[in-house]
Amino acid sequence: YINFILSILDNRDGGIEVIEEGYESYLAARSEYERKGEPVKNPAALFNRCVITIVENNKFERESKGDL
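Residues numbered from 1 in each chain as written. Predicted model: local features only at pLDDT ≥ 70, side-chain atom pairs only at ≥ 80, totals over all residues. Heavy atoms only, no water.

1. Things to note about a negative patch on the surface
So, point 1. On the surface, Glu17, Glu20, Glu21 and Glu24 cluster together to form a negatively charged patch.
So, point 2. Here Glu24 is to be found in helix H2 (residues 16-35).
So, point 3. Assessed through its relative accessible area of 57%, Glu24 is described here as exposed. (Patch = residues over 30% accessible without salt bridge, like charges linked within 9 Å, V, L, I, M, F, W, Y side chains within 5 Å. Areas by Shrake-Rupley, 256 points an atom, 1.4 Å probe, with all protein chains shown as cover. Salt bridge = Lys/Arg side-chain N within 4 Å of Asp/Glu carboxyl O. Lys, Arg positive; Asp, Glu negative; His and termini not counted. Charge placed at Lys NZ, Arg CZ, Asp CG, Glu CD. Helix = DSSP H or I, 4+ residues; strand = E, 2+ residues; numbered from the N terminus. Buried < 20%, exposed > 50% of the residue type's maximum accessible area, 1.4 Å probe, protein only.)

2. Points about the environment of Val18
So, point 1. Residue placement: Val18 occurs in helix H2.
So, point 2. Each C-alpha atom, one on Val18 and one on Asn58, is 9.1 Å from the other, the two residues being 40 residues apart in sequence.
So, point 3. Not counting chain neighbours up to four residues away, the residues in contact with Val18 comprise Ile8, Asp13, Val51, Ile54, Val55 and Asn58. (Contact = heavy atoms within 4.5 Å.)

3. What to know about the nonpolar core
So, point 1. In terms of nonpolar packing, the biggest core is built from 11 residues, these being Phe4, Ile8, Val18, Ile19, Tyr26, Leu46, Phe47, Cys50, Val51, Ile54 and Val55.
So, point 2. Broken down by secondary-structure element, the contributors of at least two residues to this core are helix H1 (2-10), H2 and helix H3 (43-64).
So, point 3. Of all the elements, H3 adds the most residues to this core, at 6 residues.
So, point 4. Dropping the residues within four chain positions of it, Ile54 is found in contact with Val18, Glu21 and Gly22. (Core = buried A, V, L, I, M, F, W, Y, C linked by side-chain atoms within 4.5 Å.)

4. Thoughts on the pattern of salt bridges
So, point 1. Going through the model one piece at a time under the given rule, you end up with 3 salt bridges.
So, point 2. The salt bridge partner of Arg62 is Asp13, with a shortest N-O separation of 2.8 Å. Highlighted residues: Arg62 in helix H3 and Asp13 in the loop between H1 and H2, separated in sequence by 49 residues.
So, point 3. Among the salt bridges present, the one from Glu32 reaches Arg35, with a minimum N-O distance of 2.5 Å. Of this pair, Glu32 and Arg35 both sit in helix H2, 3 residues apart, which is roughly one turn of the helix.
So, point 4. The exposed category is assigned to Arg35, whose relative accessible area is 61%.

5. Things to note about the packing of H2 against H3
So, point 1. Packing of H2 against H3 leaves a shortest axis separation of 8 Å and a crossing angle of 130°. One way to sum up the angle between H2 and H3 is to call them oblique. Like other packed secondary-structure pairs, H2 and H3 cross with a definite hand, here right-handed. Of the residues in H3, those touching H2 at Val18, Ile19, Glu21, Gly22, Tyr23, Ser25, Tyr26, Ala29, Arg30 and Tyr33 are Pro43, Leu46, Phe47, Cys50, Val51, Ile54, Val55 and Asn58.
So, point 2. Considered class by class, the residues forming the contact of H2 with H3 number 13 nonpolar, 3 polar and 2 charged. (Axes fitted to C-alpha atoms, helices over the stretch in contact; angles between N-to-C directions. Parallel < 35°, antiparallel > 145°, perpendicular 65-115°, else oblique. Left-handed = near helix turned anticlockwise from the far one by under 90°. Nonpolar A, V, L, I, M, F, W, Y, C, P; charged D, E, K, R; others polar.)

Right, here's the structure in full:
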(Lines give C-alpha, C1' and ligand atoms only; values in the text may rest on other atoms or scores of the structure.)
Protein backbone atom coordinates (compact mmCIF):
# COMPACT_ATOMS: atom_id res chain seq x y z
CA TYR A 1 0.00 0.00 0.00
CA ILE A 2 1.19 3.49 -0.79
CA ASN A 3 0.26 4.75 2.70
CA PHE A 4 3.13 2.76 4.22
CA ILE A 5 5.62 4.25 1.76
CA LEU A 6 4.28 7.76 2.33
CA SER A 7 4.61 7.33 6.09
CA ILE A 8 8.26 6.29 5.68
CA LEU A 9 8.94 9.31 3.48
CA ASP A 10 7.62 11.57 6.26
CA ASN A 11 9.45 9.69 9.03
CA ARG A 12 12.41 11.46 10.65
CA ASP A 13 14.53 8.33 10.19
CA GLY A 14 13.11 7.53 6.76
CA GLY A 15 13.16 9.14 3.34
CA ILE A 16 13.51 8.06 -0.25
CA GLU A 17 16.94 6.56 0.45
CA VAL A 18 15.38 4.24 3.02
CA ILE A 19 12.72 3.13 0.53
CA GLU A 20 15.39 2.44 -2.08
CA GLU A 21 17.64 0.58 0.36
CA GLY A 22 14.64 -1.36 1.65
CA TYR A 23 13.73 -2.39 -1.88
CA GLU A 24 17.26 -3.64 -2.51
CA SER A 25 17.12 -5.56 0.75
CA TYR A 26 13.74 -6.99 -0.26
CA LEU A 27 15.12 -8.20 -3.59
CA ALA A 28 18.06 -9.87 -1.86
CA ALA A 29 15.78 -11.54 0.70
CA ARG A 30 13.37 -12.72 -1.98
CA SER A 31 16.24 -14.18 -4.00
CA GLU A 32 17.47 -16.00 -0.91
CA TYR A 33 14.03 -17.49 -0.29
CA GLU A 34 13.79 -18.59 -3.92
CA ARG A 35 17.29 -20.08 -3.78
CA LYS A 36 16.16 -22.20 -0.84
CA GLY A 37 13.04 -23.21 -2.75
CA GLU A 38 10.73 -21.41 -0.36
CA PRO A 39 8.03 -19.16 -1.82
CA VAL A 40 7.50 -15.66 -0.48
CA LYS A 41 3.92 -15.91 0.71
CA ASN A 42 3.48 -12.20 1.45
CA PRO A 43 5.86 -10.02 -0.59
CA ALA A 44 4.38 -6.77 0.75
CA ALA A 45 5.04 -7.81 4.35
CA LEU A 46 8.61 -8.79 3.46
CA PHE A 47 9.19 -5.39 1.84
CA ASN A 48 7.69 -3.58 4.83
CA ARG A 49 9.89 -5.56 7.23
CA CYS A 50 13.01 -4.70 5.22
CA VAL A 51 12.14 -1.00 5.27
CA ILE A 52 11.21 -0.99 8.96
CA THR A 53 14.52 -2.65 9.84
CA ILE A 54 16.41 0.14 8.08
CA VAL A 55 14.31 2.83 9.81
CA GLU A 56 15.00 1.21 13.19
CA ASN A 57 18.73 1.06 12.44
CA ASN A 58 18.71 4.75 11.45
CA LYS A 59 16.88 5.64 14.66
CA PHE A 60 19.37 3.65 16.76
CA GLU A 61 22.32 5.34 15.05
CA ARG A 62 20.82 8.80 15.55
CA GLU A 63 20.05 8.13 19.22
CA SER A 64 23.47 6.65 19.91
CA LYS A 65 25.07 9.81 18.51
CA GLY A 66 22.94 11.90 20.86
CA ASP A 67 21.04 13.61 18.02
CA LEU A 68 17.62 13.46 19.63
